[in-house]
Amino acid sequence: MPAKGWIEVNEKYCKGCELCIPACPQDVLAIDQQTITSKGYHPVNLTGPGCTGCAICAVVCPDAALTVYREAKVKKTQSVASPA
Amino acid sequence: MVSETNNATLVYERPESLTEMPTFYCPGCTHGTAHRLVAEVLDEMGIRETTIGVAPVGCSVFAYNYFNHDYVEAAHGRAPAMATGIKRVLPKKMVYTYQGDGDLASIGMGEIMHAAARGENITVIYLNNAIYGMTGGQMSPTTLPNMKTTSTPLGRDVEVAGYPIRMAEIISNLDAVSYVVRRSLHNPANIRKTKKAVKTAFQTQASGMGFSMVEILSSCPTNWKLSPSKSLEFIEEQMIPVYPIADFKVNPEIKNIKG
Amino acid sequence: MVKKLLKGNEAFAEAAIRAGCEGFFGYPITPSTEFLEHMAKRMPELGRGFVQAESEVAAINMVYGAACTGKRAMTASSSPGISLMMEGISYIAGTEVPAVIVNVMRGGPGLGNIAPSQGDYNQMVKGGGHGDYFPIVLAPASVQEAIDYITLAFDLADKYRSLVFVIVDGNLGQMMEPAELPPMRDLDFITPEWAVDGETEGRERRFLSSIYIDPKDEEVTNIRLLRRKLEIEKNEILYHTEEIDDAEIVIVAFGTAGRVASTAVRQARQEGIKVGLFRPITLSPFPYKEIEKLADQAKSMLVAEMNTGMMLDDVSLSVKGKIPIEFYGRMGGITPFPDEILDEIRRINNSPPTDTDFNAREAWLDRLELIIEGEN
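Just so you know, these numbers come straight off a predicted model, no measurement behind them.

About the criteria used
Sequence order sets the numbering: in each chain, residues are counted from 1 along the sequence as written. Throughout, the order in which chains and ligands are written sets their labels, letters from A for the former and numbers from 1 for the latter. Selection of residues for local features in this predicted model requires a pLDDT of at least 70, selection of side-chain atom pairs for listing and counting requires 80 or more, and totals for whole chains, interfaces and linings are taken over all residues. Excluded from the side-chain calculations are hydrogens and water; all other atoms, namely the structure's heavy atoms, are used. Secondary structure elements follow DSSP: runs of H or I of four or more residues count as helices, runs of E of two or more count as strands, with numbering from the N terminus. Here the term buried applies to any residue with accessible area under 20% of the maximum for its type, exposed to any over 50%, and partly exposed to those in between, with areas from a 1.4 Å probe on protein chains only. We call two residues in contact whenever any of their non-hydrogen atoms come within 4.5 Å of each other. For every accessible area listed, the method is Shrake-Rupley and the probe measures 1.4 Å; residues are considered covered only by the protein chains on display. Within this analysis, patches are made of residues with over 30% relative accessible area and no salt bridge. Like charges are joined at 9 Å or less; nonpolar side chains (Val, Leu, Ile, Met, Phe, Trp, Tyr) at 5 Å or less. The term salt bridge refers to a side-chain nitrogen of Lys or Arg lying within 4 Å of a carboxyl oxygen of Asp or Glu. Working convention for charge: Lys and Arg count positive, Asp and Glu count negative, and His plus the chain ends are omitted. Working definition for charges: the position is that of NZ of Lys, CZ of Arg, CG of Asp or CD of Glu. The rule for pairing is simple: two strands pair if DSSP sees at least two bridges between them. All axes here are fitted lines through C-alpha atoms, helices being fitted over the stretch that makes contact, and every angle between N-to-C directions spans 0 to 180 degrees. Once two parts are brought into contact, the accessible area they lose, counted with a 1.4 Å probe and summed over both, makes up the buried area. Two N or O atoms count as a polar contact when they lie within 3.5 Å, although within protein this holds only if one can serve as hydrogen donor and the other as acceptor, and sequence-adjacent residues are included solely when both atoms are side-chain atoms. Each residue is assigned to one class: nonpolar for Ala, Val, Leu, Ile, Met, Phe, Trp, Tyr, Cys and Pro, charged for Asp, Glu, Lys and Arg, and polar for all the others, Gly among them. The set of buried Ala, Val, Leu, Ile, Met, Phe, Trp, Tyr and Cys residues whose side-chain atoms join them within 4.5 Å is what this entry labels a nonpolar core. Here the limits of each domain have been adopted from an automatic or database domain assignment. Geometric relationships in this document are graded by angle, where less than 35 degrees denotes roughly parallel, more than 145 denotes roughly antiparallel, 65 to 115 denotes roughly perpendicular, and other angles denote oblique. For any helix crossing, the convention is left-handed if the near helix is rotated counterclockwise from the far helix by under a right angle, and right-handed if that rotation is clockwise.

(A) Broad picture of the overall build of chain A. Within chain A one finds three helices and four strands. When the elements of chain A are put in sequence order from the N terminus, they spell out β-α-β-β-α-β-α. Within chain A, buried positions represent 45% of all 84 residues. A separation of at least 24 residues holds for 57% of the contacts in chain A among residues at least 6 apart in sequence. For chain A, the accessible area works out to roughly 4800 Å², and carbon and sulfur atoms hold 53% of it.

Pasting the structure below:
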């Protein structure tokens, strides 16, 4: 099963340049025509499920406007980390 | 940099080495990408608090507003000289310049060549977008043949305006330089390679190996009169044939750096 | 310490080292080159920064960078080299970082020659670079004074975050005379709170720049620089006088010209002529008030310079038309002999001028033509 992920778009930085849209392998990004940022841009947003948290959008983002998360595989990572 | 919050793993966040100020760059301008990569490298190397940047004149004249560490602002083209002055009195600090093609390859040609020839232990981040961005799209020394700019309205005529200057190639011929490569920001794979090169450049300096420079092919959607996406295609299809992505000089010792 | 026979430029460079200069960046140019050569030997052996730059443009921008770190930084050059540095000089002034620049002046304009001159007075005193700024300018007249004022220059630069020029000419740079160097001072300076020193841990990042995009911010900066200039005027004026108390003729001359005039004054005094010397040491701030006071006491003034009368204009501003001012200048890299000044003193003494509204330069040019004819 592919990993589940999501992004947060910081509207302070996003200029709606659209570079992340064709870069997204899952094709789940689009410009949000309903929103206008304080600088007057339509920001990008996640259009639906399918994001894997691969962070390619963040790699191409010129404005460091994206924060990327992935659903944690909770138990395993925690138990490995602590006793050592 | 994977960390955990509740059931979510943070995969990527804005680097600490950037300030909270949004950039003045046009939408889709890859200056921002280059800033981000430098900031990520400073974060990863843990050197934000001991680094001094030198900003140029050009679109990145306000770089010092965007980077969250000590910065000075140079006169047009003189960043490598200013960086030299800083490094010579503070040799333990990391010192880098961030310059565009007008700044570095035109008005600052003397300063960059001699900083490199001295093997000055600084890092140069050189953004090549083949145009003067801030003044509104005039020909730069790296403008492509036949490329239209506001000062070459019929296209750069090589008979009267000469040919593009390949700085990475030229500088790599100097004995004292340790690391000179060209990278590009036109797609995710190349952005990752650019970041790796930026890191190697800073590591070269940290190891005291002398002059390092990463020439980065960058876009200028506004003055190229192309969309941000089309601008990336322009880099790939038009710029890379003139400015090949390659390692032009890599000191063999660099392989021994642990990163 | 005992005085030793010291060569000008070398002694100046050593004085700068002993004052705590940690970065020297220069480009060879006659007649200042020995300064750079001394630094080339001494700075690396002390573990301090030295670069022979590719040009004066690069050299001054290296000084700019080093100065931004809060370390004492300097360069030394000569007239055409100083012209090239004007870009960086304006940036240093606009960024308000301290820097010391020694100008061993030579004949000009253009390539000119390598002989001693004072032709850079306006460029040094009035600015030279673009924009509103006010450098401090010190004009020593002996190797010892130059040593002392280079030390003072660093202190003033730090105190006012200002550019300080020390201007001498090829005579002083090349001259050997007995002088005493100060002891080596410790590099225990406290890093100023504005310095970009790359020690960001536990503090906000710092940046230094000469950009003020909003005109309101630039005006605030211009006002700050002007207020600083006024404060410097209040505190830092320096000058030297000889035989001034009962002088009816006052010679005003700086640097080498002042030294030549000093000899002439001594000779004239032996002839019973009531003549004295006022030698400004700070050309900026200029001792306007002090010269005005002399105008209340003396009957006439003679300004002697190695240029076309650049300081003459400032003396005229001081005197405010109260007494006649005569001028005697040599140019092109020619240093006047004491006899030339003595002849002027005798002339003025024999037929004292009374007209305060005559063109001193024109009258001088007429006399000078005869003098040059006599020399040829």
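And the narrative resumes.
(B) Highlighting a negative patch on the surface. Taken together, Glu362(C), Asp366(C), Glu369(C) and Glu373(C) make up a surface patch of like negative charges. Its place among the elements puts Asp366(C) in helix α13 (residues 360-375).

(C) Structural detail: the sheet that holds strand β11 (residues 249-252) of chain C. Residues and elements named next belong to chain C. The five strands are arranged β10-β12-β11-β14-β15 in an open sheet whose pairing can be described as mixed. For this open sheet the edge positions go to β10 (239-242) and β15 (325-329), each flanked by a neighbour on one side alone. Strand after strand, the sheet turns through a mean of 20 degrees between neighbouring axes, direction not considered. As judged from the four bridges shared by β11 and strand β14 (residues 300-305), these two strands associate in the parallel manner. Counted as the bridge partner of Val250 is Met301 from β14.

(D) Main features of helix α10 (residues 288-297) of chain C. Those residues of α10(C) that sit buried are Glu290(C), Ile291(C), Glu292(C), Leu294(C) and Ala295(C). Looking at the buried positions of α10(C), the neighbouring elements they touch are β10, β11, β12 (275-280), β14 and α11 (310-319) of chain C.

(E) Spatial organisation of the arrangement of the chains. By contact count, the dominant pairing among the two pairs of chains in contact is that of chains B and C. Between chain A and chain C there is no contact; the minimum C-alpha to C-alpha separation amounts to 20 Å.

(F) Up close: the sheet that holds strand β5 (residues 99-105) of chain C. All names here are of chain C. Spatial strand order, β3-β2-β4-β5-β7-β6-β13: seven strands in an open sheet with mixed pairing. Looking at which strands have only one partner, the edges of the open sheet turn out to be β3 (49-52) and β13 (282-284). Strand-to-strand twist in this sheet, taken as the mean axis angle between neighbours without regard to direction, amounts to 20 degrees. As judged from the seven bridges shared by β5 and strand β7 (residues 163-169), these two strands associate in the parallel manner. Looking across to β7, one finds that Ile101 is bridged to Phe165. Most of the contacts of helix α3 (residues 56-68) go to strand β4 (residues 73-77), to which it runs at about 160 degrees, and overall it touches β2 (23-26), β3, β4 and β5. Taken strand by strand, helix α6 (residues 143-160) contacts β4, β5, β6 (136-138) and β7, and its axis lies near 165 degrees from that of β7.

(G) Layout of the pattern of salt bridges. The full count for this structure, using the stated rule, is 49 salt bridges over all chains. Arg18(C) is paired through a salt bridge with Glu14(C); the nearest N and O atoms lie 3.0 Å apart. Taken together, the residues Arg18(C) and Glu14(C), both in helix α1 (residues 8-18) and four residues apart, mark about one turn of the helix. Overall, the relative accessible area of 6% leaves Glu14(C) in the buried class. Asp343(C) is the salt-bridge partner of Arg346(C), the closest N and O atoms lying 3.2 Å from each other. You can see Arg346(C) and its partner Asp343(C) sitting in helix α12 (residues 338-350), three residues apart, about one turn around the helix. Residues joined by salt bridges that share partners form a network here, namely Arg36(B), Glu40(B), Glu44(B), Lys195(B) and Lys199(B).

(H) Fine view of the interface of chain A and chain B. Contact with chain A, which involves 31 residues of that partner, is made by 31 residues of chain B. With both chains or domains summed, chain A and chain B bury close to 2400 Å², and 60% of this area falls on carbon and sulfur atoms. At the junction of chain A and chain B, the tally comes to 15 residue pairs in polar contact (both at pLDDT 80 or more). It is strand β4 (residues 66-71) of chain A that contributes the most residues to the side of chain A that touches chain B, six residues altogether. The class makeup of the residues in the side of chain A that touches chain B is 20 nonpolar, four polar and seven charged. Where β4(A) meets strand β2 (residues 8-12) of chain B, four bridges bridge the pair, whose relative direction is antiparallel. Across the sheet, Glu71(A) pairs through a bridge with Ala8(B), a residue of β2(B).

(I) Main features of the interface of chain B and chain C. Contacts between chain B and chain C engage 34 residues on the former and 36 residues on the latter. Interface area for chain B against chain C, summed over the two sides, is near 2700 Å², with a carbon-plus-sulfur share of 61%. Interface area lost by chain B to chain C is led by Glu49(B), Asp70(B) and Val89(B), which between them contribute 22%. Taken together, chain B and chain C are joined by four salt bridges. For Glu87(C), the salt bridge goes to Arg78(B), with nearest N and O atoms at 2.8 Å. Between chain B and chain C we count 17 residue pairs in polar contact (both at pLDDT 80 or more) in total. Per-element tally for the side of chain B that touches chain C: the top contributor is helix α3 (residues 79-89) of chain B, with seven residues. Where strand β4 (residues 70-73) of chain B and strand β9 (residues 207-208) of chain C come together, two bridges link them in parallel fashion. By the bridge assignment for β9(C), Tyr71(B) is matched with Phe207(C).

(J) Region of interest: the nonpolar core. With 111 residues, the main nonpolar core has Phe211(B), Met213(B), Ile251(C), Met301(C), Val315(C) and Ile341(C) as its most contacted residues. With nine residues, the single largest contributor to this core is α3(C). In this structure, this core is formed jointly by two domains, domain 1 (4-235) and domain 2 (241-375) of chain C, each of which donates at least three residues. Leaving out residues up to four positions away in the same chain, Met301(C) has contacts with Val250(C), Val252(C), Ile291(C), Leu294(C), Ala295(C), Val315(C), Val319(C), Ile323(C), Pro324(C), Ile325(C) and Glu326(C). Counting residues in each nonpolar core, the second largest holds 61 residues, with Cys20(A), Val28(A), Val60(A) and Ile125(B) among its members.

(K) Quick look at the packing of α1(C) against α6(C). Residues and elements named next belong to chain C. Two elements in contact, α1 and α6, have axes separated by 9 Å at closest approach and are oriented at 30 degrees. Between α1 and α6, the angle is such that the two are roughly parallel. For the pair α1 and α6, the sense of crossing is right-handed. Taking contact as the criterion, the partners of Gly8, Ala11, Phe12, Ala15 and Ala16 in α1 are, on α6, Val143, Ala146, Ile147, Ile150, Thr151 and Phe154. Among the residues forming the contact of α1 with α6, the class breakdown is nine nonpolar, two polar and no charged.

Shape is all these values report; function is a separate question.
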